[in-house]
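Below are the chains, spelled out letter by letter.
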Amino acid sequence: MTHPSIPKIIDLAAPVAESLGLELVGAVFHTNKKPPVLRVDIRNPREDTSLNDCEKMSRALEASLDATDAITDTYVLEISSPGISRQLTTDREFISFKGFAVTIATSEPYKGLKEWSGLLVSRDETTIYLNQKGRTIEIPRSLVAKVQLEEKG
């Protein structure tokens, strides 16, 4: 069942996407997560949708949502597209996707695991910080083989 806020969110998001040269594909409000996650899917009709497109849409839509009463409770905004690269590599991507669900693969086991999932907190020169159920996990960058946005199902 569609969340009752979705039609209002789509009415708000469609012109924002259009003003950026993007198309709104759809929106889903995952209220079963804490905090709830509003995922808005976009695409760039002229070229493959980039992380930069998602970042621009996120900033513009966040400002529009904050200016209305479309969502009154705390939530996380995710902008996604089936066409974006799912692997994070640059500092800008790590900043843009803070709070997003990621999977970190390590080149060798770290604390007994080669794969870590959680919400991206940040990265610095030596460490990637991941939130797992409210606990911050610190994974040495020297062991990280790749960091990928989790696929939405």
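Structural notes, computed from the coordinates. (Residues numbered from 1 in each chain as written. Predicted model: local features only at pLDDT ≥ 70, side-chain atom pairs only at ≥ 80, totals over all residues. Heavy atoms only, no water.)

## So, the pairing of strand β7 (residues 127-132)
Here is step 1 of the chain: Here strand β6 (residues 113-123) runs beside β7; their pairing, made up of four bridges, is antiparallel. The partner of Leu120 across the bridge, within β7, is Leu130.
Here is step 2 of the chain: Linking two consecutive strands that pair antiparallel, namely β6 and β7, is a turn of three residues.
Here is step 3 of the chain: The sheet contact formed by β7 and strand β8 (residues 135-140) spans six bridges and is antiparallel. Note on β8: the bridge partner recorded for Gln132 is Arg135.
Here is step 4 of the chain: As consecutive antiparallel partners, β7 and β8 are separated by two residues, and within that stretch Lys133 has a phi angle of approximately 50 degrees, a positive value. (Pairing = 2+ DSSP bridges. Helix = DSSP H or I, 4+ residues; strand = E, 2+ residues; numbered from the N terminus.)

## Some remarks on the packing of aromatic side chains
Here is step 1 of the chain: The full count for this structure, using the stated rule, is three aromatic pairs.
Here is step 2 of the chain: When the centroid spacing of 6.5 Å and the interplanar angle of 85 degrees are considered together, the rings of Phe29 and Tyr75 count as edge-to-face. On the criterion of sequence distance, the pair formed by Phe29 in strand β1 (residues 23-30) and Tyr75 in the loop between α2 (51-66) and β3 (76-80) is long-range, its members being 46 residues apart. (Phe/Tyr/Trp six-rings, centres within 6.5 Å; stacked < 30°, edge-to-face > 60°.)

## Observations regarding the nonpolar core
Here is step 1 of the chain: Core analysis: the largest hydrophobic core is formed by 37 residues, its most contacted members being Leu38, Val40, Met57 and Leu61.
Here is step 2 of the chain: Among residues more than four places away in sequence, those in contact with Leu38 are Ile6, Ile9, Val28, Phe29, Leu65, Ile71, Tyr75, Val76, Leu77 and Glu78. (Core = buried A, V, L, I, M, F, W, Y, C linked by side-chain atoms within 4.5 Å. Buried < 20%, exposed > 50% of the residue type's maximum accessible area, 1.4 Å probe, protein only. Contact = heavy atoms within 4.5 Å.)

## Details of the sheet that holds strand β2 (residues 37-43)
Here is step 1 of the chain: The strand order across the open sheet built from three strands is β1-β2-β3, with neighbouring strands paired in mixed fashion. On the outer flanks of this sheet lie β1 and β3, each paired with one strand and no other. Neighbour to neighbour, the strand axes of the sheet diverge by 20 degrees on average, direction disregarded.
Here is step 2 of the chain: When β1 meets β2, the two strands line up antiparallel, connected through seven bridges. In the strand pairing of β2, Glu23 is matched with Arg43.
Here is step 3 of the chain: Docked against the sheet, helix α1 (residues 6-19) engages β1 and β2, running at close to 145 degrees with respect to β1.
Here is step 4 of the chain: Sitting on the sheet, α2 touches β2 and β3, and the angle it makes with β3 is about 145 degrees. (Axes fitted to C-alpha atoms, helices over the stretch in contact; angles between N-to-C directions.)

## Digging into unusual backbone geometry
Here is step 1 of the chain: Put simply, Lys34 and Pro35 share a cis peptide bond, and its omega is -10 degrees.
Here is step 2 of the chain: In this fold, Pro35 is placed in the loop between β1 and β2.
Here is step 3 of the chain: Backbone geometry places Lys133, a non-glycine residue, at a positive phi of 50 degrees.
Here is step 4 of the chain: Along the polypeptide, Lys133 turns up in the loop between β7 and β8.
Here is step 5 of the chain: Exposure remark for Lys133: the relative accessible area of 89% places this residue in the exposed category.

## Quick notes on the pairing of β3
Here is step 1 of the chain: Across the five residues that make up β3, a large majority, four, are buried.
Here is step 2 of the chain: Sheet analysis places β2 next to β3, joined by five bridges and oriented parallel. Considered in β3, the bridge of Leu38 is made with Leu77.
Here is step 3 of the chain: Crossover β2 to β3 through α2 is right-handed. (Right-handed = clockwise from strand over helix to strand, strands pointing away.)

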